[in-house]
Amino acid sequence: MRLKGKISIITGAAHGMGESTARRFAREGAVVVIADVLDAEGAKVVAEINAQGGKAEYVHLDVTQETEWKSLVASTVQRHGRLDVLVNNAGISGAVPDRMDVAMFDRLMNVNARGTFLGIKYGIEAMLGTGGGSIVNISSISGLVGQEFVHMGYNAAKAGIHLLTKSAALQFGKDGIRVNSVHPGIMAPMRTSVTAADPALRAKLLETIPLRRAGNGDDTANAVLFLASDEASYITGTELVVDGGFLAG
Ligand code: NAD
């Protein structure tokens, strides 16, 4: 088991790639705290993981709320003694029809960038007290290149996550805290995707992927697992692209 006994928090793990990562972590022996705003869905994932012999629990967290971050991290450390792994995965989509909407820009920055910053802040605070840990931030190919069909606030927020990751790695490497980013490509549409869920657009995008298929939750979960685990003990401040070769061209 590659995460045996590791205490982990995964945000946005009630659905999508966060859910796949939570299930993967549990199979690898981690204690998984699923933190999301979708309480019913989160509780269901927890029940299924525990029924299969894993160790999971659900805590309500809106990643934009600093007080909720404080209490999530404090309660995790209180119950389990430490925090080994934090995956900042929660996010909202920029695939919306009005790509110049100012309120949308603010929401994208608030949830995706500021939410990740708050996770880094409180995750590191806990890890400093217990000798280190691993933080994996979910960015995107949208954090590395511009795109035609995405609100540029999504690109700005995901690029922000890319560089938040590098600065956190530089600032806390001496404390035994590794911080890396994962950059998924074209995956299943997010719950909040509007335009990217259009089958015609998806078919066009898939033609540009060297491996000729969309990625799935396990593709991302496996990359996150590697960076979270001790197998990546000399890897920090880097990015792992999971995109079927999309950015190679
Ligand atoms: P999803 O919509 O299926 O899941 C996102 C999860 O985040 C949901 O469970 C949602 O409830 C949660 N969430 C949203 N806002 C939140 C908040 N304020 N507080 C707490 N939880 C919140 O999307 P997904 O495809 O699984 O995306 C996971 C991550 O991967 C996101 O950061 C996304 O930007 C990134 N990503 C997705 C794709 C893709 O094509 N699906 C590609 C690259 C990167």
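So, a few notes on the structure that sits alongside this text. (Residues numbered from 1 in each chain as written. Predicted model: local features only at pLDDT ≥ 70, side-chain atom pairs only at ≥ 80, totals over all residues. Heavy atoms only, no water.)

**Topic: the sheet that holds strand β2 (residues 31-36)**
For step 1, the next point in the chain: A sheet is described by the order of its strands in space; here seven strands give the open sequence β3-β2-β1-β4-β5-β6-β7, paired in parallel fashion. The two strands at the open ends of the sheet, each matched to only one other strand, are β3 (55-60) and β7 (239-242). Going from strand to strand, the sheet's axes swing by 20° on average, the running direction of each strand aside.
For step 2, the next point in the chain: Where strand β6 (residues 177-184) meets β7, four bridges bridge the pair, whose relative direction is parallel. Its bridge partner being in β7, V182 is matched across the sheet by L240.
For step 3, the next point in the chain: Those strands touched by helix α5 (residues 152-172) are β5 (133-138), β6 and β7, and its axis lies near 160° from that of β6. (Pairing = 2+ DSSP bridges. Helix = DSSP H or I, 4+ residues; strand = E, 2+ residues; numbered from the N terminus. Axes fitted to C-alpha atoms, helices over the stretch in contact; angles between N-to-C directions. Contact = heavy atoms within 4.5 Å.)

**Some words on the site of the ligand**
For step 1, the next point in the chain: Near the ligand, the surroundings consist of 26 residues, among which H15, M17, D36, N89 and Y154 are the closest.
For step 2, the next point in the chain: A distance of 2.6 Å is found between an oxygen atom of the ligand and a side-chain nitrogen or oxygen belonging to H15.
For step 3, the next point in the chain: At a separation of 2.6 Å, an oxygen atom of the ligand approaches a polar side-chain atom of D36.
For step 4, the next point in the chain: Considering the ligand on its own, with 820 Å² of exposed area, one finds that the protein chains cover 93% of that surface. (Near = heavy atom within 4 Å. Polar contact = N/O pair within 3.5 Å; in protein donor to acceptor, adjacent residues only side chain to side chain. Areas by Shrake-Rupley, 256 points an atom, 1.4 Å probe, with all protein chains shown as cover.)

**Comments concerning the environment of L205**
For step 1, the next point in the chain: Relative to the helices and strands, L205 resides in helix α6 (residues 199-207).
For step 2, the next point in the chain: By relative accessible area, L205 is classed as buried at 13%.
For step 3, the next point in the chain: For the pair L205 and M190, spaced 15 residues apart in sequence, the C-alpha to C-alpha distance is 16 Å.
For step 4, the next point in the chain: Sequence-distant contacts of L205, defined by excluding residues within four places in its chain, comprise F149 and I186. (Buried < 20%, exposed > 50% of the residue type's maximum accessible area, 1.4 Å probe, protein only.)

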